Amino acid sequence: MILRLFGMSGVFALAACGFLMPSPALAHHGRALIYDSKTETTVKGTVTEFVWSNPHVQIGIEGVDANGTRRQWLIEASSTGILADRGWSRRTLKAGDTVTITFHPGLKGSSTGDLIKAVLADGRELGAGVQR
Amino acid sequence: MRSRFLIALVGLLGTVAFISACSSRPAVPAAPQHPDISGVWLGGGKSSWSSTRAKPGTEPDIPYTAWALERMKGQRPGSGSESDFENTTDPALKYADPLGFPRQYQHPLKFKIVQTDDTIYQLWEWNKAWRQIPLNKPHSEDPDISWYGESVGKWEGNTLIVDSVGFKDSTWLDGVGHPHSEELHVIERIQRVDPATLQIDFTFEDPVAYTHAWTSQHTFKLVPGGKMTEVVTTMSDELHYRERFLKQKPPVPIRR
C-alpha cells in the first residue's frame with residue numbers, strides 16, 4: 001500500500017483557506033457544529049469500506065496524517081440519490097481501492113469528515129454534490 | 001341506366017351527410033389545453049419558508065401567534081442558523097417521521113409530476129412519498145388528518161391552484177421548526193414560468209399558529225431524462241449514522 005504525502009508537507013494537506021461550500025442548503029442536517037467548513041483536508045489512502053446507504057453514503061479511508069501517523073477516517077457524503085445524479089454508484093469504490101479524498105474535518109478532534117470530492121485511481125473526480 | 005342511379009345515390013348520400021354535419025347540433029367543445037407541468041423537477045434545498053435569515057421566531061414575514069411561539073420554545077432543529085443536529089428535536093430526525101407537507105418540497109431531491117386530465121400525481125424520491133391531486137373536485141366533507149394532507153386542484157389559466165388541508169400537527173412546516181396545527185390550509189399556485197422552471201407560490205393559513213395568511217415561494221428546475229431513485233431512510237439508518245459519526249449509542253436495537 002502506498003500512502004503519499006499530499007499538499008504542503010507531502011502526505012497530508014491541511015488548507016485553511018476559507019473555501020466555502022457551494023451552498024448552505026442541507027437536507028439531512030446542518031454541518032456548523034460538526035465539521036470545520038473553513039478547512040479542507042486531502043488524504044490519499046486506501047478505502048477500508050464503502051457503505052452505499054442513507055441518510056449518508058459512508059467512506060472509510062486509511063492514510064497518514066500531518067504528523068506522519070497512520071490513521072483512519074470515516075467520511076460522510078450525500079444521500080444515494082444525490083450521489084447517483086453526480087456519477088456515483090454502489091460500485092464506485094470498494095475496500096482496497098486507492099483514492100484521494102478531500103473533506104472538511106470533523107470538529108472535536110473526531111476522525112470524521114464531510115466529503116468535498118474524491119479522485120479515483122483512474123483519475124475520475126467525483127463531487128459530493130452541493131446539497132446534502 | 002344503372003350507373004346513373006348509383007351516381008345519383010352517392011350524390012344524395014353526400015348531400016345528406018353534408019347537411020347533417022352543418023346541422024344545429026352543438027359541436028363538442030375542445031378539451032381545454034392546460035400547460036404541461038409533467039416531468040422530473042429538482043429544487044435547491046431549503047430549511048425555512050421565511051424569506052429572511054432572521055432567527056426563527058423573529059422573522060418579520062411570519063405572523064406568529066403566541067401559541068406558535070410557545071410551541072417553538074425548546075425546539076432544536078437539525079439545520080438552519082440555530083441548528084443543533086446532535087440533540088435535535090426535529091421529528092423527521094428524532095423519530096424518522098415523514099417530512100410531511102409542505103416540508104417535503106424542501107428536500108433537495110427530485111420529484112416527478114404525472115399529469116392526467118383529471119388528476120395530478122406527485123412522486124418524490126425522498127422516502128418514496130407521493131400525493132394525488134384530483135382536479136375540479138371538492139374536498140371531503142371531513143378530511144382525514146394525515147402526513148401529507150388532502151389536496152384538490154383546478155386550473156386557472158396557466159396556473160394550477162392546489163388547495164390542501166388535513167395535516168397532522170406533529171410535522172414541522174419546514175426544517176427550522178415552524179409549527180402548524182391541524183387547521184393548516186396550504187394553497188399552491190404552480191406555474192411553469194419557462195420551459196425549464198416550475199415556480200410554486202405558497203400561501204399558508206393557520207389561525208391557530210399564525211395571525212394571518214403569509215406566503216413563500218420555491219422554484220424547481222427541469223431535469224431532462226431525470227431518473228427517479230429510491231432514497232429511503234429508516235430509524236435504523238438514522239441511529240446507525242449517529243452511532244458512527246456522533247458516537248451516540250442507539251437507544252433501541254438497530255439493523256446493521
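Draft legend 1. Representation of the overall build of chain B in the model. Scanning chain B from N- to C-terminus turns up four helices and nine strands. Listed N to C, the secondary structure of chain B is α-β-α-α-β-β-β-β-β-β-β-β-α in terms of helices and strands. Residues classed as buried in chain B amount to 31% of the 256 residues present.

Draft legend 2. Fine view of the confidence of the model for chain A. Within chain A, residue pLDDT values average 80, and 77% of them lie at 70 or more. Within the model, the stretch residues 1-25 of chain A combines pLDDT values under 50 with 50 contacts to residues more than four positions away or in other chains.

Draft legend 3. Spotlight on the interface of chain A and chain B. Across the contact, 23 residues belong to chain A and 23 residues belong to chain B. Elements supplying a minimum of two residues to the side of chain A that touches chain B: β4 (70-76) and α1 (80-85) of chain A. Here the element with the most residues in the side of chain A that touches chain B is α1(A); it accounts for four residues. Residues of the side of chain A that touches chain B, tallied by class, amount to 10 nonpolar, 12 polar and one charged.

Draft legend 4. Molecular detail of the nonpolar core. Grouped together as the largest cluster of nonpolar side chains are 38 residues, with contacts concentrated most on A:Ile59, A:Ile61, A:Ile75, A:Ala77, A:Ile101 and A:Leu115. Residues contacting A:Ala77, with those up to four places away along its chain left out, are A:His56, A:Val57, A:Ile59, A:Leu83, A:Leu115 and A:Ala128. By size, the runner-up hydrophobic cluster in this structure holds 11 residues, among which are B:Ala68, B:Phe101, B:Phe167 and B:Ala209.

Draft legend 5. Broad picture of the pairing of strand β5 (residues 98-105) of chain A. Residues and elements named next belong to chain A. Of all eight residues in β5, six are buried, a share of seventy percent or more. The sheet contact formed by strand β2 (residues 40-51) and β5 spans six bridges and is antiparallel. If you follow Thr46 over to β5, its bridge partner there is Thr98. As defined by bridge partners, β5 adjoins strand β6 (residues 112-120) across seven bridges and the pair is classed as antiparallel. Across the sheet, residue Val99 finds its bridge partner in β6, namely Leu120.

Draft legend 6. Representation of the sheet that holds strand β1 (residues 39-43) of chain B within the structure. All names here are of chain B. Across the sheet, which stays open at both edges, the nine strands sit in the order β4-β3-β2-β1-β9-β8-β7-β6-β5 with antiparallel pairing between neighbours. Strands at the two margins of the open sheet, each flanked by one partner only, are β4 (130-134) and β5 (150-156). Taking each pair of neighbouring strands and ignoring which way they run, the sheet shows an average axis angle of 25°. Sheet topology places β1 next to strand β2 (residues 111-115); three bridges connect them, and they run antiparallel. Residue pairing across strands places Trp41 opposite Phe111, the latter belonging to β2.

Draft legend 7. Fine view of the pairing of strand β3 (residues 58-64) of chain A. Residues and elements named next belong to chain A. Side chains Ile59, Ile61 and Gly63 of β3 all project onto a buried face; the interleaved residues Gln58, Gly60, Glu62 and Val64 project onto a face where none is buried. Count of turn residues in the β2/β3 antiparallel hairpin: six residues. The loop that links β3 with its antiparallel partner β4 comprises five residues; one of these, Gly68, has a positive phi angle of about 85°.

Conventions used here
Residues numbered from 1 in each chain as written. Chains lettered and ligands numbered in written order. Predicted model: local features only at pLDDT ≥ 70, side-chain atom pairs only at ≥ 80, totals over all residues. Helix = DSSP H or I, 4+ residues; strand = E, 2+ residues; numbered from the N terminus. Buried ≥ 20, exposed ≤ 12 C-beta atoms within 10 Å, placed from the backbone. pLDDT = per-residue confidence, 0-100. Contact = placed C-beta atoms within 7 Å. Nonpolar A, V, L, I, M, F, W, Y, C, P; charged D, E, K, R; others polar. Core = buried A, V, L, I, M, F, W, Y, C linked by C-beta atoms within 7 Å. Pairing = 2+ DSSP bridges. Axes fitted to C-alpha atoms, helices over the stretch in contact; angles between N-to-C directions.

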